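Architecture and fold: a report
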Amino acid sequence: MADGAVAASDVGATEFALRERRDTGALHRAIFIGLAGLLLVAPFLAYPVFLMKVLCFALFALAFNLLLGYGGLLSFGHAAYFGMASYVSAYTAKHWGMTPELAILLGVAVAALLGTAFGALAIRRQGIYFAMITLALAQMVYFFSLQTPRFTGGEDGIQAVPRGKLFGLLSLADDRILYYVVAAIFFGGLLLIYRIIHSPFGQVCKAIRDNEPRAISLGYRANQYKLAVFVLSASLAGLAGATKAIVFQLASLTDVHWTMSGEVVLMTLVGGMGTVFGPIAGALVIVAMQNYLAHLGAWVTIIQGVIFVVCVLVFREGIVGVIAKRVKQPL
Amino acid sequence: MVAGGGSAPDVILATEGLAIEFKGFRAVDGVSLRVKRGTIHALIGPNGAGKTTCFNLLTKFLTPTEGTITYKGRDITRMKPADVARLGLVRSFQISAVFPHLTACENVRIALQKKRGDSFDFWRSERVLSALDEEALRLLDAVGLAGFAELPAAELSYGRKRALEIATTLALDPEMLLLDEPMAGMGREDVDRIAALIRSVAKDRTILMVEHNLSVVASLSDFITVLARGKVLAEGDYATVSKDPRVIEAYIGVGHG
């Protein structure tokens, strides 16, 4: 009798939880629709170039968060993939006359190759050693970029990159048209990342993140999954960098510098590591600060530093992490 | 010892002169084990006897300095842990090994997912996995966790985490289970529940376990190997082993003073 009552209440709890899970799906769908709507009207409310900058960095942070939040791997060298893709897309668009979509695709391909090579080396170590190896490899890319001015333009970077015509048809010279292309790339990237997180592959990645020895003991070759998520993350970081080069018509040493790797860590932590939408919020906050506080000069860096410290001390879950806790739903 | 035991069909797991050395200290020193198919085999011994090290050698989380390990007639001495698991030799952990941020149902599903082969399909929705939910719930029910399927594993009590771990391990349908102190840190009621579970699981499987709780060992195991200072001290059923003067000495510590 008593057993029956307990079982019934347990079943009730499960049903409640199942309903909650469906709610989460519905909530995410609503957020996606809202975000799409916002992306459509945004250029009428704010300066398109600023928005494009936010979107490129948001995509970069989303790619980084895929690795950190869902793969449990802290890379401190993601500027390498962002920056190298940016160089490749700028170079091929300018010197080979590639259309923007092909230039971007080539940038992504190079980022994927670089990610495969660097990832294969880095995943052999864990924790801080992993971070240091990714940093060291990214520094190699930086010095390579510095030493090969014929390809990268050295200190000058690759300037005056033509925006060109999308598919050879649609001119991207107009900021607003380009904005919608960038918004589409961003949204596509976001959907892909969302799918990766919620795929059978994503499930195994989360399991490895949570408890690697246990995942191995169940027969998963953890290193192969780590490498796969590393390459996906590097490729998407490359997509962000390559798009950025077309938007700003510029690829420079800033893109491959270690501070760029630091900035993406900052955006992800401020927004909320391991949340789906956090990196977008983080990128918006950081880019907005850099833009609107630019007249303060060196103070921007100091303000950024203070924000970082406050984030780590007061709300570790980041902006979206805190909201998610409030509404009791994963975001 | 049985001559040619390693190749006998009723021996599923065998080691031959297994040894590992850490900077001159031989934690396991020439251990030869024969685990018979379909039995519950316990590995016991006083603290520092090398039980856990021996266990980690068998599960391939450590690589032996000397000796061989044979599983179902196949030399697995140099194999990687994930590959051994694929052969049906699956371990549990001393600390409760769950995936804390996944729900109980998802925890079990991770193991069930293995039947699809590798899961590198990042483009597919996780909805393809809901076909496994039914079996996951059945396994959770078997360990008394039916009502907790949608709870994150981190929120489960210690005993329930262990039960979840066992359900996850069973989801792989392994031929042989290696249990590392399955009762460690458990309350009385949990011990009885897990003991009953292990007994029911053992019906069509082989189990090798390291365990401190001697009453559990006495009631569950068919065969016991006692380790002391990295070596096999005695072997046999509980009645034989518990009367062995060397075992009593090792446990009580006569001769140490």
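Counting starts from 1 at the beginning of each chain's written sequence and moves along it residue by residue. Each chain gets a letter, beginning with A, and each ligand a number, beginning with 1, in the order they are written. Given that this is a predicted model, residues contribute local features only at a pLDDT of at least 70 and side-chain atom pairs are listed and counted only at 80 or more, while totals for whole chains, interfaces and linings are drawn from all residues. Side-chain descriptors were evaluated using all non-hydrogen atoms of the structure, hydrogens and water having been removed beforehand.

**Comments concerning the overall build of chain B**
Helices and strands together make up the secondary structure of chain B, namely nine helices and eleven strands. Atoms counted for the radius of gyration: C-alpha only. Globule rule: 2.2 Å times the number of residues to the power 0.38. Taken over C-alpha atoms, the radius of gyration comes to 19 Å for chain B, in line with the 18 Å a tight globule of 257 residues would show. Counting only C-alpha atoms and orienting by the principal axes, one finds that chain B spans roughly 60 × 40 × 35 Å. Put simply, chain B has 257 residues, and 54% of those count as buried. The contact rule is simple, with two residues in contact once any of their heavy atoms fall within 4.5 Å. At a minimum sequence separation of 6, the contacts of chain B that also span at least 24 residues come to 65%. Per the convention used, a helix needs a DSSP run of H or I reaching at least four residues, while a strand needs a run of E reaching at least two, with both numbered from the N terminus. The classification of residues rests on relative accessible area computed with a 1.4 Å probe and restricted to protein chains. Under 20% of the type maximum is buried, over 50% is exposed, and intermediate values are partly exposed.

**Structural notes on the confidence of the model for chain B**
With 95% of its residues at a pLDDT of 70 or more, chain B has an overall mean of 86. Confidence scores per residue from the predictor, reported as pLDDT, run from 0 to 100. Per-residue pLDDT stays below 50 along residues 1-6 of chain B; that stretch engages in six contacts with residues further than four places along the chain or on separate chains.

**A short note on the nonpolar core**
Counting residues in hydrophobic clusters, the biggest one holds 158 residues, and the most contacted among them are Tyr81 and Phe186 of chain A together with Val108, Leu164 and Ile207 of chain B. Sequence-distant contacts of Leu164 of chain B, that is, excluding residues within four places in its chain, are made with Val98, Ala104, Asn107, Val108, Leu140, Leu145, Ala153 and Leu156 of chain B. As used here, the term nonpolar core means buried Ala, Val, Leu, Ile, Met, Phe, Trp, Tyr and Cys residues forming a set that is joined through side-chain atoms within 4.5 Å. By size, the runner-up hydrophobic cluster in this structure holds 25 residues, among which are Leu18, Leu57, Met176 and Leu227 of chain B.

**Quick notes on helix H7 (residues 175-197) of chain A**
What a helix should span is 1.5 Å times the count of its residues minus one. The first and last C-alpha atoms of H7 of chain A sit 32 Å apart over 23 residues, in line with the 33 Å expected at 1.5 Å per residue. A distance of 2.8 Å separates the backbone nitrogen of Arg176 of chain A from a side-chain oxygen at the start of H7 of chain A, and that oxygen is part of Asp174 of chain A. Pairs of N or O atoms are called polar contacts if they sit within 3.5 Å, as long as, within protein, a hydrogen donor faces a hydrogen acceptor (for residues adjacent in sequence, only side-chain-to-side-chain pairs).

**Overview of the interface of chain B and chain A**
Contacts between chain B and chain A engage 44 residues on the former and 33 residues on the latter. Simply put, the buried area is the total loss of 1.4 Å probe accessible area from both parts when two parts are fitted together. Between chain B and chain A, a total of about 3,200 Å² is buried, with carbon and sulfur atoms accounting for 59% of that surface. Area buried by chain B at its contact with chain A is led by Phe99, Phe122 and Glu150 of chain B, which between them contribute 21% of it. Throughout this description, the term salt bridge denotes a Lys or Arg side-chain nitrogen within 4 Å of a carboxyl oxygen of Asp or Glu. For the interface between chain B and chain A, the tally reads one salt bridge. In this structure, Asp83 of chain B engages Arg221 of chain A in a salt bridge whose closest nitrogen and oxygen atoms are separated by 2.6 Å. The interface formed by chain B and chain A contains 18 residue pairs in polar contact (both at pLDDT 80 or more). In terms of residue class, the side of chain B that touches chain A is made up of 21 nonpolar, eight polar and 15 charged. Residues are sorted three ways: Asp, Glu, Lys and Arg are charged, Ala, Val, Leu, Ile, Met, Phe, Trp, Tyr, Cys and Pro are nonpolar, and all the rest, Gly among them, are polar.

**A look at the packing of aromatic side chains**
All names here are of chain A. Centres within 6.5 Å make a pair out of two Phe, Tyr or Trp rings, where for Trp the six-membered ring is used; the pair is then stacked when the planes are under 30 degrees apart, edge-to-face when over 60, and tilted otherwise. According to the stated counting rule, one finds 21 aromatic pairs over all chains in the structure shown. Relative to Phe187, the ring of Phe32 lies with its centre 6.1 Å away and its plane at 85 degrees, an arrangement referred to as edge-to-face. Residue Phe32 is located in helix H1 (residues 2-45), and its partner Phe187 is located in helix H7; the two are separated by 155 residues in the primary sequence. Between Phe32 and Tyr194, the aromatic rings sit 5.0 Å apart at their centres with planes inclined by 80 degrees, giving edge-to-face as the arrangement. Pair noted here: Phe32 is in helix H1 and Tyr194 is in helix H7, with a separation of 162 residues, a long-range link. Look at Phe32 and you get buried, because its relative accessible area is 9%.

**A short note on a nonpolar patch on the surface**
The residues that make up patches have over 30% relative accessible area and no salt bridge, and they are joined within 9 Å when like-charged or within 5 Å when they are Val, Leu, Ile, Met, Phe, Trp or Tyr. Method for areas: the Shrake-Rupley scheme with a 1.4 Å probe, in which residue coverage is limited to the protein chains shown. Residues Leu296, Trp299, Ile302, Val306, Val309, Val310, Leu313 and Val314 of chain A make up a contiguous nonpolar surface patch of roughly 780 Å² in combined accessible area. Tracing the sequence through the fold places Leu313 of chain A in helix H14 (residues 299-313).

**Some thoughts on the environment of Ile110 of chain B**
Of note, Ile110 of chain B is situated in helix H3 (residues 104-113). Among the residues examined, Ile110 of chain B registers a relative accessible area of 0% and is labelled buried. Here the alpha-carbon distance between Ile110 of chain B and Thr168 of chain B, two residues 58 residues apart in the chain, equals 7.9 Å. Ignoring sequence-local partners within four residues, the contact set of Ile110 of chain B consists of Gln203, Val204, Ala207, Leu218 and Tyr220 of chain A together with Phe99 and Leu102 of chain B.

**Comments concerning the pattern of salt bridges**
All names here are of chain B. Inspection of every chain in the model, using the stated rule, returns 23 salt bridges over all chains. Linking Glu175 and Lys72 is a salt bridge whose minimum nitrogen-to-oxygen distance equals 2.4 Å. Placement of Glu175 in the loop between helix H5 (158-171) and strand S8 (176-180) and of Lys72 in the loop between strand S5 (66-71) and strand S6 (74-75) is noted, with a sequence separation of 103 residues between them. Residue Glu175 is classed as partly exposed on the basis of its relative accessible area, which comes to 30%.

**Concerning unusual backbone geometry**
Backbone geometry places Gln249 of chain A, a non-glycine residue, at a positive phi of 55 degrees. Non-glycine residue Lys72 of chain B carries a positive phi angle of around 50 degrees.

**Looking at the environment of Leu250 of chain A**
Residues and elements named next belong to chain A. Position of Leu250 among the secondary structure elements: in the loop between helix H10 (222-248) and helix H11 (253-256). What makes Leu250 partly exposed here is its relative accessible area of 31%. C-alpha of Leu250 to C-alpha of Tyr81: the two residues are 169 residues apart in sequence and 16 Å apart in space. When residues no more than four places from it in sequence are discounted, the contact partners of Leu250 are Ser86, Asp156, Ile158, Gln159, Val161, Lys244, Ala245 and Asp255.

**Overview of the pairing of strand S2 (residues 25-31) of chain B**
All names here are of chain B. Following DSSP output, two strands are said to pair if at least two bridges run between them. As paired elements, strand S1 (residues 11-22) and S2 share five bridges and run antiparallel to each other. Its bridge partner being in S2, Leu18 is matched across the sheet by Val31. Hairpin geometry of S1 and S2 is characterised by an intervening segment of two residues between the two adjacent antiparallel strands and by a positive phi of about 45 degrees at Lys23.

**Digging into the sheet that holds strand S4 (residues 40-44) of chain B**
Residue and element names in this part refer to chain B. A sheet is described by the order of its strands in space; here six strands give the open sequence S7-S8-S9-S4-S10-S11, paired in mixed fashion. Two strands close off the open sheet at either side, each with one partner strand: strand S7 (89-91) and strand S11 (231-236). Pairs of neighbouring strands in the sheet enclose a mean axial angle of 15 degrees, with direction left out of account. Pairing geometry for S8 and strand S9 (residues 206-210), over five bridges, is parallel. Following the sheet pairing, Leu178 is matched in S9 by Leu208. The sheet strands contacting helix H1 (residues 51-58) are S4, S7, S8, S9 and strand S10 (223-228), and the helix crosses S8 at an angle near 150 degrees. Simply put, an axis is a line fit to the C-alpha atoms, just over the touching stretch for a helix, and the angle between two N-to-C directions goes from 0 to 180 degrees.

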